[in-house]
Amino acid sequence: MSILEVANIEKSFGDVQVLKDISFSLQKGETLSIIGSSGSGKTTLLRCLNFLEHPDSGTITVNGRRILDAKSPKKLTEEELMQNRLHFGLVFQSFNLFPQYTALENVTLAGKLAAKKRPDFASEKKKIYEEIDANARSILASVGLANKADNYPHQLSGGQQQRVAIARALAMNPDILCFDEPTSALDPELTGEVLKVIGELATRDITMIIVTHEMSFARQVSDNVLFMDQGLVVEYGSPEDVIGNPKEERTRRFLERYFEGG
């Protein structure tokens with residue numbers, strides 16, 4: 001059974017239709033890269049999956065349970081939205097760390113807020129917080145930042161800040177980890193360290209969706225690649241097929257422009 005099934009997602013802003021009948025599925029442990037020109041709808045799709053935008057139509061199913069039917073007359077409550085978002089972790093282009101908190105505090109903040117709703121929180125607060133801190137330190141170590149837990153964002157390089165953002169998303173143990181062009185805000189020399197961490201996550205059976213312009217990385221790390229153009233899924237398949245031997249003319253034109261530009 002698929003861990004994620006996206007069916008017939010559509011989204012418009014005013015008179016502009018940004019997503020047009022988007023459908024795909026994702027297996028547990030699979031890495032899907034989404035490629036395409038700026039403005040093709042990639043980020044809007046991620047925002048719909050993470051319940052930061054509400055699609056006009058379509059359904060989203062996670063682990064066999066439908067968590068969104070956009071046409072349903074029943075509006076999701078804030079509590080339902082929060083629960084649905086927990087299925088997804090989102091790493092943004094621009095880190096979005098809290099500058100007043102250390103790396104460790106950035107990673108533990110959401111977990112500690114969520115822990116306050118536990119029935120045993122009042123009696124077990126110290127133990128719960130110690131477990132959250134220990135888990136966060138372990139995750140920071142796994143992304144190469146064991147010695148940066150007590151540093152503030154301004155004391156970290158851009159690549160290190162993005163790795164903190166990845167650790168923060170991992171700390172909530174999402175079913176699917178999403179990346180929105182995770183290296184676009186980085187200097188070229190820092191891009192490699194972030195791509196290395198994402199590549200290592202792919203070997204750990206973590207289910208991921210990566211919006212990226214890094215074609216060689218997408219080809220190396222992905223199980224499947226989805227090419228979007230003007231809000232449509234134009235081509236979907238293995239990286240060898242979509243990037244190495246595309247069938248659609250629009251895909252070929254995009255890749256030719258990309259490689260000529262590179």
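Position numbers for residues start from 1 in each chain and track the written sequence from start to end. Given that the model is predicted, a residue must reach a pLDDT of at least 70 before its local features are reported, and side-chain atom pairs must reach 80 or more before they are shown or counted; all residues, however, enter totals for whole chains, interfaces and linings. The basis for the side-chain values is all heavy atoms of the structure; hydrogens and waters are excluded.

Novice: Before we go on, may I ask you to explain the sheet that holds strand β1 (residues 4-13) in this structure?
Specialist: Strand-to-strand pairing in sheets goes through backbone hydrogen bonds, with the strands running parallel or antiparallel. On the basis of which strands lie adjacent, the open sheet formed by four strands has the order β2-β1-β4-β5 and antiparallel pairing. Of all the strands in the sheet, just β2 (16-26) and β5 (65-69) have a single pairing partner and so form its edges. Within the sheet, the average angular offset between the axes of one strand and its neighbour, ignoring direction, is 20°. Here β1 pairs with β2 via seven bridges, running antiparallel. In the strand pairing of β2, E5 is matched with S25. We treat two strands as partners when DSSP finds at least two bridges between them. Runs of E in the DSSP output that reach at least two residues are strands. Runs of H or I that reach at least four are helices, and both are numbered from the N terminus. Lines fitted to the C-alpha atoms define the axes, with helices restricted to the stretch that makes contact. Angles between their N-to-C directions range from 0 to 180 degrees.

Novice: Mind showing me how you'd approach the side chain of T61 here?
Specialist: Counting through the fold element by element, T61 comes out in strand β4 (residues 57-62). Overall, T61 belongs to the buried group, its relative accessible area being 11%. A contact between two residues is defined here by any heavy atoms of the two lying within 4.5 Å. Discounting residues that sit within four places of it in the chain, T61 has contacts with I3, L4, E5, R66 and I67. To sort residues, take the accessible area from a 1.4 Å probe on protein chains only and compare it with the maximum for the residue type: under 20% means buried, over 50% means exposed, and anything in between is partly exposed.

Novice: Please explain the pairing of strand β8 (residues 208-211) as it appears in this structure.
Specialist: The side chains of a regular strand alternate, first on one face of the sheet and then on the other. Neither face of β8 is exposed, since M208 and I210 on one face and I209 and V211 on the opposite face are all buried. Of the strand pairs in this sheet, strand β3 (residues 31-35) and β8 are connected by four bridges, and their pairing is parallel. Opposite T31, over in β8, you have M208 as the bridge partner. Alignment of strand β7 (residues 176-180) against β8, held across four bridges, turns out to be parallel.

Novice: Just to check I follow, could you spell out the sheet that holds strand β10 (residues 232-237) for this structure?
Specialist: Taken together, six strands build an open sheet; the order of strands is β6-β7-β8-β3-β9-β10 and the sheet is mixed. Each having just a single partner strand, β6 (88-91) and β10 make up the two edges of the open sheet. The average angle at which neighbouring strand axes cross in this sheet is 20°, direction not considered. Strand direction decides the pairing type here: strand β9 (residues 224-229) and β10, joined by five bridges, are antiparallel. Looking across to β10, one finds that F227 is bridged to E235. On the sheet, helix α5 (residues 158-171) packs against β6 and β7 and is oriented at approximately 170° with respect to β6.

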